[in-house]
Amino acid sequence: MKADKKFYLVREDVLPEAMKKTIEVKDMLERGKAESIAIATQMVDLSRSAYYKYKDTVFPFSTITKEKLISLFFHLEDRSGTLSKLLGVVASSGGNVLTIHQTIPLQGRANVTLSLNTSNMTVEIDHLLADLKKLEFVEKVEVLGTGA
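Residues numbered from 1 in each chain as written. Predicted model: local features only at pLDDT ≥ 70, side-chain atom pairs only at ≥ 80, totals over all residues. Heavy atoms only, no water.

Regarding the packing of helix α1 (residues 17-31) against helix α2 (residues 37-44)
The geometry of α1 relative to α2 is characterised by a closest axis approach of 9 Å and an angle of 130 degrees between their N-to-C directions. One finds that α1 runs oblique with respect to α2. The handedness of the crossing between α1 and α2 is right-handed. Seen from α1, the contacting residues are K21, E24, V25, M28 and L29; seen from α2, they are I37, A40, T41, M43 and V44. Here the contact of α1 with α2 is composed, by residue class, of seven nonpolar, one polar and two charged. (Axes fitted to C-alpha atoms, helices over the stretch in contact; angles between N-to-C directions. Helix = DSSP H or I, 4+ residues; strand = E, 2+ residues; numbered from the N terminus. Parallel < 35°, antiparallel > 145°, perpendicular 65-115°, else oblique. Left-handed = near helix turned anticlockwise from the far one by under 90°. Contact = heavy atoms within 4.5 Å. Nonpolar A, V, L, I, M, F, W, Y, C, P; charged D, E, K, R; others polar.)

Below, the structure is given as structure tokens:
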């Protein structure tokens, strides 16, 4: 794959049906629910040509995040103990914090960037993100990037 390719995180509901079905076929093959590409594409009513067109270009978010490293950006209210509570949620998920960068709080808000090793996480990354978004002092959570 060329290094100049751009990647985007896209919500499932805006994907064309063929891309969604391609992901479904790949999942069926990985889990052993179908013995071949031909059988799996037939099961989901997808042409094999459409499967081959998209198979190397669409991936579930959980597959990408299995690459072990992820960088998260937070916009937090500046309250005593917020960073400690945030790190507690990350630790309870099995995430290992590699780096922390926090800006000086201005107007009651601070930005925090965390780089995590996710290889020992006990929950899926989307579950962790949902738990972090539930924290009352978290105003924003974004995935900045993932890598191996």
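Some remarks on unusual backbone geometry
Backbone geometry at D45 places phi at a positive 60 degrees, although glycine is not the residue there. In this structure, D45 sits in the loop between α2 and α3 (48-54). On the accessibility criterion, D45 (65% relative accessible area) is exposed. Located in the positive-phi region is Q107, a residue other than glycine, with phi close to 50 degrees. In this fold, Q107 is placed in the loop between β2 (96-102) and β3 (109-117). (Buried < 20%, exposed > 50% of the residue type's maximum accessible area, 1.4 Å probe, protein only.)

Section: the packing of helix α5 (residues 82-92) against helix α6 (residues 125-134)
The description of two packed helices rests on the angle between their axes and on the distance between the axes. The N-to-C vectors of α5 and α6 enclose an angle of 155 degrees; their axes lie 10 Å apart at closest approach. Here α5 lies roughly antiparallel to α6, going by the angle between them. The handedness of the crossing between α5 and α6 is right-handed. Contacts between α5 and α6 involve L86, V89 and V90 from the first element and L128, D131 and L132 from the second. Its residues assigned to classes, the contact of α5 with α6 shows five nonpolar, no polar and one charged.

Description of the side chain of S93
In this fold, S93 is placed in the loop between α5 and β2. Here S93 is in contact with N120, M121, T122, V123 and L128, once residues within four sequence places are set aside.

A short note on the pattern of salt bridges
Proximity of charged atoms lets side chains of opposite charge pair with each other. For the structure on display, the rule yields nine salt bridges. Note that R31 is salt-bridged to D27, the shortest N-O span being 2.7 Å. Pair noted here: R31 and D27 are both in helix α1, with a separation of four residues, about one helical turn. Since its relative accessible area comes to 59%, R31 is described here as exposed. Across the salt bridge formed by R79 and E77, the nearest N and O atoms sit 3.1 Å from each other. Overall, the relative accessible area of 36% leaves R79 in the partly exposed class. Here the salt bridges do not stand alone but share partners, grouping E77, R79 and E136 into one network. (Salt bridge = Lys/Arg side-chain N within 4 Å of Asp/Glu carboxyl O.)

What about the pairing of β2?
Alignment of β2 against β3, held across six bridges, turns out to be antiparallel. Paired with H101 across the bridge in β3 is T113. The hairpin turn running from β2 into β3, its antiparallel successor, is six residues long, and Q107 in that turn takes a positive phi close to 50 degrees. (Pairing = 2+ DSSP bridges.)

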